[in-house]
Amino acid sequence: MITWRNGTVSGTRREWPGAVELDVSVDGTPVRALAYPALTGFPRAGDRVLLNTTALDLGLGTGGYALVVAIPDRLPPDPAPGGHLVKARYTPLQATVAGADEQGSPHHAILRDADDIGGMPVVVADLHSALAAVLAGVFDEAERTGGAGDETGDENIRRPRVVYVMQDGGALPAWFSRTCAALKEAGWLVATVTTGQAFGGDLETVTVHTGLLAARHVLAADIAVVAQGPGNLGTGTRWGYSGVAAGEAVNAVAAPE
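About the cut-offs
- Residues numbered from 1 in each chain as written.
- Predicted model: local features only at pLDDT ≥ 70, side-chain atom pairs only at ≥ 80, totals over all residues.
- Heavy atoms only, no water.
- Pairing = 2+ DSSP bridges.
- Helix = DSSP H or I, 4+ residues; strand = E, 2+ residues; numbered from the N terminus.
- Contact = heavy atoms within 4.5 Å.
- Axes fitted to C-alpha atoms, helices over the stretch in contact; angles between N-to-C directions.
- Patch = residues over 30% accessible without salt bridge, like charges linked within 9 Å, V, L, I, M, F, W, Y side chains within 5 Å.
- Areas by Shrake-Rupley, 256 points an atom, 1.4 Å probe, with all protein chains shown as cover.
- Salt bridge = Lys/Arg side-chain N within 4 Å of Asp/Glu carboxyl O.
- Buried < 20%, exposed > 50% of the residue type's maximum accessible area, 1.4 Å probe, protein only.
- Phe/Tyr/Trp six-rings, centres within 6.5 Å; stacked < 30°, edge-to-face > 60°.
- Parallel < 35°, antiparallel > 145°, perpendicular 65-115°, else oblique.
- Left-handed = near helix turned anticlockwise from the far one by under 90°.
- Nonpolar A, V, L, I, M, F, W, Y, C, P; charged D, E, K, R; others polar.

A. Geometry of the sheet that holds strand 14 (residues 223–228). One open sheet holds the five strands; their spatial order is 8-14-11-12-13, and the pairing between them is parallel. What marks the edges here is a single partner per strand, and that holds for strand 8 (122–124) and strand 13 (203–204). Pairing geometry for strand 11 (residues 162–167) and strand 14, over six bridges, is parallel. Counterpart to Tyr164 in the pairing with strand 14 is Val225. On top of the sheet, helix 6 (residues 208–217) reaches strand 8, strand 11, strand 12 (191–194), strand 13 and strand 14; it is set at about 170° to strand 11, its chief contact.

B. Broad picture of the environment of Leu22. With respect to the secondary-structure elements, Leu22 resides in strand 2 (residues 19–26). It is 9.1 Å that separates the C-alpha atoms of Leu22 and Ala45, two residues lying 23 residues apart in sequence. Excluding its chain neighbours within four sequence positions, the residues that come into contact with Leu22 are Val9, Gly11, Thr12, Arg13, Val31, Arg32, Ala33, Ala35, Pro43 and Val68.

C. Spatial organisation of the sheet that holds strand 5 (residues 66–70). Around the barrel, five strands lie side by side as 1-2-3-5-4; this closed barrel has mixed pairing. Ignoring which end each strand starts from, the neighbouring axes of this sheet average 55° apart.

D. Focus on a nonpolar patch on the surface. Together, Met1, Ile2 and Trp4 make up a nonpolar patch on the protein surface, roughly 430 Å² of accessible area in all. Looking at the element boundaries, Met1 is found in the segment before strand 1 (4–16). Residue classification places Met1 among the exposed positions, given a relative accessible area of 99%.

E. Representation of unusual backbone geometry. Notably, Ala88 is not glycine yet its phi reads approximately 55°, a positive angle. If you trace the backbone, Ala88 turns up in the loop between strand 6 (85–87) and strand 7 (95–97).

F. Quick peek at the packing of aromatic side chains. Tallied over the full model, the rule gives four aromatic pairs. Centroid distance Phe139 to Trp188: 5.2 Å. Interplanar angle 80°. Geometry classified as edge-to-face. In this pair, Phe139 is assigned in helix 4 (residues 130–145) and Trp188 in the loop between helix 5 (178–185) and strand 12, connecting sequence segments 49 residues apart. On the basis of relative accessibility, which here comes to 27%, the residue Trp188 falls in the partly exposed class.

G. Quick peek at the packing of helix 6 against helix 7 (residues 245–254). Where helix 6 meets helix 7, the closest approach of the two axes is 9 Å, and the angle between their N-to-C directions is 55°. When the interaxial angle is binned, helix 6 and helix 7 end up oblique. Relative to helix 7, the crossing made by helix 6 is right-handed. Contacts between helix 6 and helix 7 involve Val208, His209 and Leu212 from the first element and Ala249, Ala252 and Val253 from the second. Split by residue class, the contact of helix 6 with helix 7 holds five nonpolar, one polar and no charged.

So far we have only geometry, and geometry alone does not tell us how the molecule works.
Given below as structure tokens:
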């Protein structure tokens, strides 16, 4: 089920928040690899890295990456005490995160009894690639109508606060998404909330329901966009497609109504 390889880091290609793209030599063959430093520590040239090359070997849609599992000769320091939500549960790389909706969170009191998103508009999409297009449409409409939300510098335009609520049907680490990193850097996206088994967002929640509530009540979103992370799973059958979870998100939006 997993193809394991040892590799040696030869250099860094590029970085974006939460991820680093590497050149790695595997038995003399150069491959592109991706590491999430929050999980593995930051790889350096010369490091031996343990790789999962399964999807790369099968030619699946991983962006052409081997994935760094560990830097076995230079383990990262133990993390500071954090939250108690476990994501990627019961896998060898399960990680604990601080959930916005867990006991002990500064937002727990807000979310404990919240069950209404206060009429916040929610756009639901079945593909992560729709995120940038949705935001472009939102901001075009804001410019035409005057909008609502944060000041953009133009006294006649108020740009809405948009939060991305990420489902777990595609990539689990939000850090995989260069789109999210670019949109946030450009000021188009206020934050990402990762839900279900997905992790790495600005806020972590257990379900899409609490993700939407956190977007509204914690992050003061004017609009939320719900979609799966990058990548998806399809089988060519009527229902065997990860984007079907878009329907579950629609139900979550309407649940308190």
